[in-house]
Amino acid sequence: MGTLDAVLDSTSKVAPFRILHQTPDSQVYWSIACGASREEITEHWDWLEHNVMKTLSVFDSNEDVTSFVQGKIRGLIAEEGKGSFIKEEDPEKFREAILKFEKCFGLAEQEKLVTYYSCSYWRGRMPCQGWLYLSTNFLSFYSFLLGAEIKLVISWDEISKLEKTSNVILTESIHVCSRGEDHYFSMFLHINETFLLMEQLANYAVRRLFDKETFESDLVLRDPLQITKRGLENRAHSEQFSAFFRLPKEETLQEVHECFLWVPFCHFNTLGKMCISENYICFASQDGSLCSIIIPLREVIAVEKADPANKGVNISTKGKRAFRFTEVKDFEHLVAKLGIRSGTISSPHHTASTELKEKMKEQSWNILFVECGRGVSMFRTKKTRDLVLRGIPETLRGELWLLFSGAVNDMATNPGYYTELVEKSLGTCTLATDEIERDLRRSLPEHPAFQSDTGISALRRVLTAYAYRNPKIGYCQAMNILTSVLLLYAKEEEAFWLLVAVCERMLPDYFNRRIIGALVDQAVFEELIRDHLSQLTDHMTDMTFFSSVSLSWFLTLFISVLPIESAVSVVDCFFYDGIKAILQLGLAVLDYNMDKLLTCKDDAEAVTVLNRFFDSVTNKDSPLPQAVQQASNLNDTKSYHPKVDITDLIRESNEKYGDIRYEDVESMRCRNRLYVIQTLEVTTKQNVLRVVSQDVKFSPSDLEELYELFKKEHFLSCYWSANSPVLRHHDPSLPYLDQYRIDCQQFRVLYHLLSPWAHCANRDSLALWTFRLLDENSDCLINFKEFACALDVMYNGSFTDKLKLLFKLHIPPAFTEVESLSPSKGDDLSKEELIHFSQLNVSSPVDSQEADALKRSPEKAGKEKIDIQAYLKQWQDELLKKEDNIKDLPRMNQFQFIQFSKTLYNLFHGDPEEELLYWAIATVTSLLLKMEEVGRRLQSPTSPAKSPASAAESSTDSQNAPKKDSAPQQTERRNVQSPRRDDHEWSFAFEQILASLLNEPALVRFFEKPLDIKAKVENAKTSQLKARTRV
């Protein structure tokens, strides 16, 4: 493969001069040095003679000489790369790859290359051999073969599908779908490794850019410059480790040892892997017995060497249990390390209830506890799973839920946290607390526990405390039902930590505003239906039916559709097996009703079939009060469906679909997350375009291209920043129009690329004033609708519309005097100056604080509570908003008119009728000044007035006119709410300027000249990345 790449890749040039090292009697040559000329290689040889060859005589064997030379050369290469961007542990070829990557694609210096692979890119039926470069923000491919260059750059956030495929031509390939285009890569040496890394980078990008609600606290996601291939691999292993053993997500896998564990109740050693993190020692067997244990270091009281001959390690815990591991590699070092760690962590003693209920089940569990231990470090075997499938006894349910979910570890490591949280959240008033109060009485109203203030108060405290702990999630309607069931079997603090485990670890992203996690798992469910119930998928023409009907299954763990006595058995399985149990049960439900579903003619009939089935599910062993069971089965009299026992249904789901592996579910989750998020983004785009298209004259295709450029500009500001403030501008919880917003700096880049007026000498000032005009609520951000409407006036507006826009740009609040602090830059503004001027508060005469308050977005009124009435008022105002009356526009004063004339002169520069336009604007300016002077004399004949000639001179020669008294005027405009017109200062109304300009045909032709945005858009698509790199 390497030889083939060297032949086909014209960018890899072999040096003509090399120095090789060969061990006698060996056919292997090691490349020591290379050079492009004889002089260069001679210098290398002289250095080797003086620094290396004199040392070789001390070695006894040729192999030692070779080993020394290899180490010396590699050390020199590593020393040379210490100060560079490349990590010291990277191989020397990686340094060459980075140079090629930077040279071929010209991305920003901050773009971090993670790794690269040799592969083939398929263009039609022809493969092109080249190199695939995977960086933090882009997937890039480069090939130069027989004079034909292929260069491909795809940003990770544009990828909607990433999967491994195979067909007749390609045995194995990676399929990438971006913006509707399919790309295929094949002939990888390690395709699985490549695909997993691509999957990680793609998910990292969409989580950081689209789905930041849950991942803001992740240090890796917040700093793209720290991402490495090894780091991503370690992260994947740690996530798999934490999820498999139900550990806190902060746990990172540090060591893995293959060893044997003595299983006392079976009297044999089982082979498996010992996994060690900061606070836990875990073991999982590799054979079919499914034996696993979790030992918190806080429970360890001794770590000792057992049998040096067998490399044994004994670990003793507080429960008077001992675990013996043998054949542990480097066991002495491991004993010393674990001994140090276990001496620093402690935990309160855990007790369990001993009341007797459901004697048969409880007796089985007690026998298991004797054999396998009880508590965090108990052995989890096939027998444990069998007992869970049969249903956990009422008295042990709370304890085992805490144990299997990992919530017991969260509670042990955070003593007093819940009490403190309840005190802090007491009395808070937010949107979440309002929703909680509304739903409290709807949570299991048939159960006696929630028919009194005691149960309601406990439910309120748990939900309010969690909303205070995690404001990103706050409260979701399904949480009240789930928490009610948790409180039935666990103490208040235990229920809180169970809720934390469910929302933040076991069902990630389920309870945020966009329920992305639930949508992802529904996509996984659809995929499993296609694999296991193909007969059903062939019958159903629309797979979205399964998503709509199963959403409540996933959000409430079947609690909302099953009777409470049956639903708790499902929760038992969920806490032991995770989402896998819910997926298996969903498949079993559909399989059980297969025949009836195949005869259904529409979705409504299918929903009725499933509802009747759920009403018929019972739990004959349930000890719940009869009144509770009757309340949860009110529809029994209307249902003729035969009774189905929940235990039998769960056992059947495990027998038929128990071969679904946890690793396969996680892989499907990862793959479908890309599709779900991109689908949500498409929905956002469609809604935005539908709203904006009603107010602009752009074609649908042009408007879509503008949206992509607008959104791309937002993300380009996020790619290379360790903690970009622009990420805060993207809030999926806001209405569609406000989900993506840009600041003044980003707007300037797009203005330069797209505006037909961007050729002006004062284009930075025009961009600034346009942004200030669009930023009506003064939050220094604008949305796509505001951006598109401004461009629409420039391209498709009438003569009056364009002139009115220019007029508004030169009066407050848009206008502010702009002068660069660096004279060498001329009219160009630095980023700091641009941001400074965009934040100045200059109000127009008609503005008032009350008007600003109404225009301000409702969500700005308070960080915690959104004013729904303000939203309705804003919507009503937009519906009743009429076209601006030109008579309502304020007058333009002397200084503003001079700047307005300057802008017109700059607009005409380079036009074929440039001289005619200059003459026309000079004529109009002189006429306006004379008219104003005559009007002033008629109104006040005795007052002193400024000479019309001098005023005309200052305007018509505006390109060279000094800015007299500009600083005092600017200070006055910045500090005064409504600038006043002095007696000696003249001003103009918009009607006067419009009427005067209409008399000049050249000016009318210039502004009514048709403009096509397509060329600008195409140029922007190719230049946007370079423009952002320069900025």
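Since we're looking at a predicted model, the values are computed, not measured.

Concerning the overall build of the protein
Piece 1. A tally of regular secondary structure across the protein gives 42 helices and 22 strands.
Piece 2. The proportion of buried residues among the 1031 residues of the protein is 51%.
Piece 3. When contacts within the protein are restricted to residue pairs at least 6 apart in sequence, long-range pairs at least 24 apart make up 67% of them.
Piece 4. Summing over all exposed atoms, the protein offers an accessible surface of approximately 49,600 Å²; the carbon and sulfur share of this is 52%.

Re the UniProt feature "domain: EF-hand" (unreviewed entry) in the protein
Piece 1. What UniProt calls "domain: EF-hand" (unreviewed entry) maps, in this numbering, to residues 762-797.
Piece 2. Taken as a whole, residues 762-797 contains 69% helix and 6% strand, while its terminal C-alpha atoms sit 22 Å from one another.

Notes on unusual backbone geometry
Only a minority of non-glycine residues have a phi that is not negative, and only a minority of peptide bonds are not trans.
Piece 1. Residue P812 is joined to P813 through a cis peptide bond whose omega torsion reads 5°.
Piece 2. Relative to the elements of secondary structure, P813 occurs in the loop between helix 32 (799-809) and helix 33 (831-838).
Piece 3. Despite not being glycine, D509 shows a phi value in the positive range, around 65°.
Piece 4. Residue placement: D509 occurs in the loop between helix 17 (492-506) and helix 18 (516-532).
Piece 5. Relative accessible area serves as the criterion here: at 4%, D509 is assigned to the buried category.
Piece 6. Unusually for a residue other than glycine, C780 sits at a positive phi of about 65°.
Piece 7. Mapped onto the fold, C780 is located in the loop between helix 30 (763-774) and strand 20 (782-783).

Observations concerning the side chain of K685
Piece 1. Note on placement: K685 falls in helix 27 (residues 662-692).
Piece 2. Residues in contact with K685, not counting those within four places in the same chain, are E704, Y707 and E708.

Focus: the sheet that holds strand 12 (residues 280-285)
Piece 1. On the basis of which strands lie adjacent, the open sheet formed by seven strands has the order 13-12-11-10-16-15-14 and antiparallel pairing. At either end of the open sheet lies a strand with only one pairing partner, and these are strand 13 (292-296) and strand 14 (300-305). Taken over all neighbouring pairs, the strand axes of this sheet differ in orientation by 30° on average, direction set aside.
Piece 2. With nine bridges connecting them, strand 10 (residues 255-263) and strand 11 (residues 268-276) associate as antiparallel partners. When the bridges of strand 11 are listed, F260 appears paired with L271.
Piece 3. On the sheet, helix 8 (residues 331-342) packs against strand 10, strand 11, strand 12, strand 14 and strand 15 (313-317) and is oriented at approximately 160° with respect to strand 14.

Topic: the sheet that holds strand 4 (residues 126-135)
Note on sheets: strands pair through backbone hydrogen bonds, and any given pair is parallel or antiparallel.
Piece 1. One open sheet accounts for seven strands, arranged 6-5-4-3-9-8-7; its pairing is antiparallel. Single-partner strands in this sheet number two, and they are strand 6 (148-155) and strand 7 (159-165). Strand after strand, the sheet turns through a mean of 30° between neighbouring axes, direction not considered.

Thoughts on the packing of aromatic side chains
Piece 1. The full count for this structure, using the stated rule, is 52 aromatic pairs.
Piece 2. For the pair Y121 and F185, a centre-to-centre distance of 5.2 Å together with 35° between the ring planes defines the contact as tilted. With Y121 in strand 3 (residues 113-123) and F185 in strand 9 (residues 181-186), the pair connects residues that are 64 residues apart, well separated along the chain.
Piece 3. We classify F185 as buried; its relative accessible area is 0%.
Piece 4. Ring centres 6.3 Å apart and planes at 40° place the aromatic pair F784 and F787 in the tilted group. You can see F784 and its partner F787 sitting in helix 31 (residues 784-796), three residues apart, about one turn around the helix. Taken individually, F784 and F787 each receive the classification buried, so the pair is uniform in this respect.
Piece 5. Each member of the aromatic cluster is reached from another via a ring pair, and the members are F94, F101, F105, Y116, W131, Y133 and Y142.
Piece 6. R397 extends its terminal NZ or CZ atom over the ring of Y489, reaching a point 5.0 Å from the ring centre.

Regarding the confidence of the model for the protein
Piece 1. With 77% of its residues at a pLDDT of at least 70, the protein reaches an overall mean of 79.
Piece 2. With pLDDT under 50 throughout, residues 81-89 is counted as low confidence; its partners more than four residues away or in other chains account for eight contacts.
Piece 3. Confidence drops under a pLDDT of 50 for residues 942-983, and excluding neighbours within four residues, the segment shows 68 contacts in the predicted structure.

What counts and how
- Residues numbered from 1 in each chain as written.
- Predicted model: local features only at pLDDT ≥ 70, side-chain atom pairs only at ≥ 80, totals over all residues.
- Heavy atoms only, no water.
- Helix = DSSP H or I, 4+ residues; strand = E, 2+ residues; numbered from the N terminus.
- Buried < 20%, exposed > 50% of the residue type's maximum accessible area, 1.4 Å probe, protein only.
- Contact = heavy atoms within 4.5 Å.
- Areas by Shrake-Rupley, 256 points an atom, 1.4 Å probe, with all protein chains shown as cover.
- UniProt positions renumbered as here; feature names shortened; annotations may be inferred.
- Pairing = 2+ DSSP bridges.
- Axes fitted to C-alpha atoms, helices over the stretch in contact; angles between N-to-C directions.
- Phe/Tyr/Trp six-rings, centres within 6.5 Å; stacked < 30°, edge-to-face > 60°.
- Lys NZ or Arg CZ within 6 Å of the ring centre and 35° of its normal.
- pLDDT = per-residue confidence, 0-100.

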